[in-house]
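These are the residues of each chain, in order.
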Amino acid sequence: MAASYSSSTSLFLVFSSLLIFSSLLDVSDADYSAPIMKGLSWDYHHKTCHKVEKIVRKHLKKVFKEDVGQAAGLLRLHFHDCFVQGCDGSVLLDGSHGGPSEQTAPPNQSLRKQAFVIIEDLRALIHRECGRVVSCADIVALAARDAVHLSGGPDYDVPLGRKDGLTFATQNATLANLPAPTSNASTILSALATKNLTPTDVVALSGGHTIGISHCTSFTPRLYPTQDPTMDKTFAQGLKEVCPTNTTDATTVMDIYSPIKFDNKYYVDLINRQGLFTSDQDLYTHKDTKSIVESFAHDEKLFFEKFVQAMIKMGQLEVLTGAKGEIRAHCSIRNPDNKGYFSYLAEEEDQYDLETKAELR
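Nothing here was measured: the structure is a model prediction, and the numbers come from that model.

## Remarks on the overall build of the protein
Here is step 1 of the chain: Of regular secondary structure, the protein possesses 14 helices and 2 strands.
Here is step 2 of the chain: Put simply, the protein has 361 residues, and 50% of those count as buried.
Here is step 3 of the chain: Relative to all contacts within the protein whose residues are 6 or more apart in sequence, the contacts with residues 24 or more apart total 76%.
Here is step 4 of the chain: For the protein, the computed accessible surface area is about 17,000 Å², with 55% contributed by carbon and sulfur atoms.

## Some points on the packing of helix 2 (residues 52–66) against helix 5 (residues 136–149)
Here is step 1 of the chain: At a minimum axis distance of 10 Å, the contact between helix 2 and helix 5 shows a crossing angle of 50°. What the angle tells us is that helix 2 and helix 5 run oblique. When the axes of helix 2 and helix 5 are compared, the crossing they make is right-handed. Of helix 5, the residues touching helix 2 (which contributes V52, E53, V56, R57, L60 and F64) are L142, A143, R145, D146, A147 and H149.

## With respect to the state of the cysteines
Here is step 1 of the chain: Summed over all chains, the structure comprises 4 disulfides.
Here is step 2 of the chain: Each sulfur of the disulfide joining C136 and C331 lies 2.1 Å from the other. Here C136 and C331 share a disulfide; its torsion about the S-S bond, -95°, makes the bridge left-handed. With C136 in helix 5 and C331 in the loop between helix 13 (300–314) and helix 14 (341–360), this residue pair connects regions lying 195 residues apart in the sequence.
Here is step 3 of the chain: Judged by its relative accessible area of 0%, C136 falls in the buried class.
Here is step 4 of the chain: Shown here for the protein is a disulfide pattern of 1-4, 2-3, 5-8, 6-7, where each number marks a bonded cysteine counted in sequence order.

## Regarding helix 13
Residues spaced three or four apart along an α-helix point in a common direction, a consequence of the helix completing one turn every 3.6 residues.
Here is step 1 of the chain: Here helix 13 is 15 residues long and its end C-alpha atoms lie 20 Å apart, about the 21 Å a rise of 1.5 Å per residue gives.
Here is step 2 of the chain: For helix 13, the elements touching its buried residues are helix 3 (70–83), helix 5, helix 8 (199–206), helix 10 (265–271) and helix 12 (290–298).
Here is step 3 of the chain: The opening residue of helix 13, the one whose side-chain oxygen lies 3.2 Å from the backbone nitrogen of K301, is D299.

## Remarks on the confidence of the model for the protein
Here is step 1 of the chain: Averaged over every residue, the pLDDT of the protein is 88; the share at 70 or more is 84%.
Here is step 2 of the chain: The model gives residues 1–32 a pLDDT under 50, and that stretch makes 47 contacts with residues more than four places away or in other chains.
Here is step 3 of the chain: In this model residues 352–361 is a low-confidence stretch, pLDDT under 50, and it forms 0 contacts with partners more than four residues away in sequence or in other chains.

## Things to note about the packing of aromatic side chains
Here is step 1 of the chain: This model, assessed by the stated rule, comprises 10 aromatic pairs.
Here is step 2 of the chain: Here the aromatic rings of F262 and F303 are separated by 5.7 Å at their centres, their planes lie at 10°, and the arrangement is stacked. Here F262, found in the loop between strand 2 (251–253) and helix 10, pairs with F303, found in helix 13; they are 41 residues apart in sequence, far enough to count as distant. The same class applies to F262 and to F303, which are both buried.
Here is step 3 of the chain: With a centroid separation of 5.2 Å and an interplanar angle of 70°, the aromatic rings of Y267 and F296 are classed as edge-to-face. In this pair, Y267 sits in helix 10 while F296 sits in helix 12, placing the two residues 29 residues apart along the sequence. Each member of the pair, Y267 as well as F296, is classed as buried.
Here is step 4 of the chain: Three or more aromatic residues joined by ring pairs make a cluster, and in this case those are F262, Y266, Y267, F296, F303, F304 and F307.
Here is step 5 of the chain: Above the face of the Y284 ring, K290 is positioned so that its terminal group lies 5.1 Å from the ring centre.

## Focus: the side chain of D232
Here is step 1 of the chain: Looking at the element boundaries, D232 is found in the loop between strand 1 (213–215) and helix 9 (233–242).
Here is step 2 of the chain: R273 provides the closest opposite charge to the buried, unpaired D232, separated from it by 4.3 Å.
Here is step 3 of the chain: A polar contact is formed between the side chain of D232 and the backbone nitrogen of T234, at a distance of 3.3 Å.
Here is step 4 of the chain: D232 has contacts with Q227, N272, R273 and Q274, leaving out every residue within four places of it along the chain.

## Some words on the side chain of S258
Here is step 1 of the chain: Its location among the elements puts S258 in the loop between strand 2 and helix 10.
Here is step 2 of the chain: A polar contact is formed between the side chain of S258 and the side chain of D255, at a distance of 3.2 Å.

## Re unusual backbone geometry
Here is step 1 of the chain: Of note, the bond from Y224 into P225 is cis; its omega dihedral lies within 30 degrees of zero at -5°.
Here is step 2 of the chain: Turning to its location among the elements, P225 is positioned in the loop between strand 1 and helix 9.
Here is step 3 of the chain: The backbone phi angle of R273 is positive, close to 60°, even though this residue is not glycine.
Here is step 4 of the chain: Secondary-structure assignment places R273 in the loop between helix 10 and helix 11 (278–281).
Here is step 5 of the chain: The phi dihedral of E318 is positive, around 45°, even though this residue is not glycine.

## Observations regarding the packing of helix 3 against helix 5
Here is step 1 of the chain: The N-to-C vectors of helix 3 and helix 5 enclose an angle of 135°; their axes lie 8 Å apart at closest approach. Considered as vectors, helix 3 and helix 5 are oriented oblique to each other. For helix 3 against helix 5, the interelement crossing comes out left-handed. Every residue of helix 5 that contacts helix 3 at A71, L74, L75, L77 and H78 is listed here: V140, A141, A143, A144, A147 and V148.

Cut-offs applied
- Residues numbered from 1 in each chain as written.
- Predicted model: local features only at pLDDT ≥ 70, side-chain atom pairs only at ≥ 80, totals over all residues.
- Heavy atoms only, no water.
- Helix = DSSP H or I, 4+ residues; strand = E, 2+ residues; numbered from the N terminus.
- Buried < 20%, exposed > 50% of the residue type's maximum accessible area, 1.4 Å probe, protein only.
- Contact = heavy atoms within 4.5 Å.
- Areas by Shrake-Rupley, 256 points an atom, 1.4 Å probe, with all protein chains shown as cover.
- Axes fitted to C-alpha atoms, helices over the stretch in contact; angles between N-to-C directions.
- Parallel < 35°, antiparallel > 145°, perpendicular 65-115°, else oblique.
- Left-handed = near helix turned anticlockwise from the far one by under 90°.
- Disulfide = S-S within 2.5 Å.
- Expected span 1.5 Å × (residues − 1).
- Polar contact = N/O pair within 3.5 Å; in protein donor to acceptor, adjacent residues only side chain to side chain.
- pLDDT = per-residue confidence, 0-100.
- Phe/Tyr/Trp six-rings, centres within 6.5 Å; stacked < 30°, edge-to-face > 60°.
- Lys NZ or Arg CZ within 6 Å of the ring centre and 35° of its normal.
- Lys, Arg positive; Asp, Glu negative; His and termini not counted.
- Salt bridge = Lys/Arg side-chain N within 4 Å of Asp/Glu carboxyl O.

Have a look at this one:
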């Protein structure tokens, strides 16, 4: 059975790669008319860095051509940033004398290391082109949008103008704000209701699990010592071949039908009792979310519409704007802790002087 899974997955990877990269890659100018927080705007960087979105998309197109799996990593990074202390880029920070970084908390230890590298690479490209005018938090939001679109999902505008946070959350705060994959739907709905996310928002955002992989430890409690009766038996057997014990260190795809294509097949998985996590499958049994799952499974356009609305809402959680926060010169280091920050400021000042003299000639 494992061989069968591998063969069909390989064929699908080839087909999906052709489908994804043959799509139009221009940045969308569609407006979903979503409300935005004061201090953010749809064209925030129009005057200071009008090429920012094209820079992000061009670079990520290259990244995903090499490894499309990085798309899921960037999308998850945005989720983990926003749910904990708001969308302030705090998940990117390294630890310091102030304590360990958010990355050391158990829910964040499985974030893809390459996702952090990609964000820093994007920052370097953008700041080289425009100067230090775009925050790391904005870059994470744009990268998540392009991760969705370049994987076959909807394109949409992202309100920009976030500033980077000066602090990172404690481990307890991180744990409290990132519901575990073993959580049931009631727990997740209650936790995210505190962030003003509705059941429709929760189900739509959970659809991000249509791409990516998971470690065995996130779902083996459903297999051992007793198999979860809500799990399809054939699906469970396939998972047991990948994860023969509850301590196996291996990974499997989140969506068995289209693991690298952003679509609505995740919801078909749930109806077929093939959701990977408890937090996934329980959405199809909970009275407040079952009908939403069914509607998304039958109407991909509706899923895309609600996903975009939920992403724009989530992407504005507790944002810092204006004089609050900073624009980091390096995404993993607060400016006051960055030894190279003052030389960076000197370079900016020299560049400004040169540009001013050029304009006066």
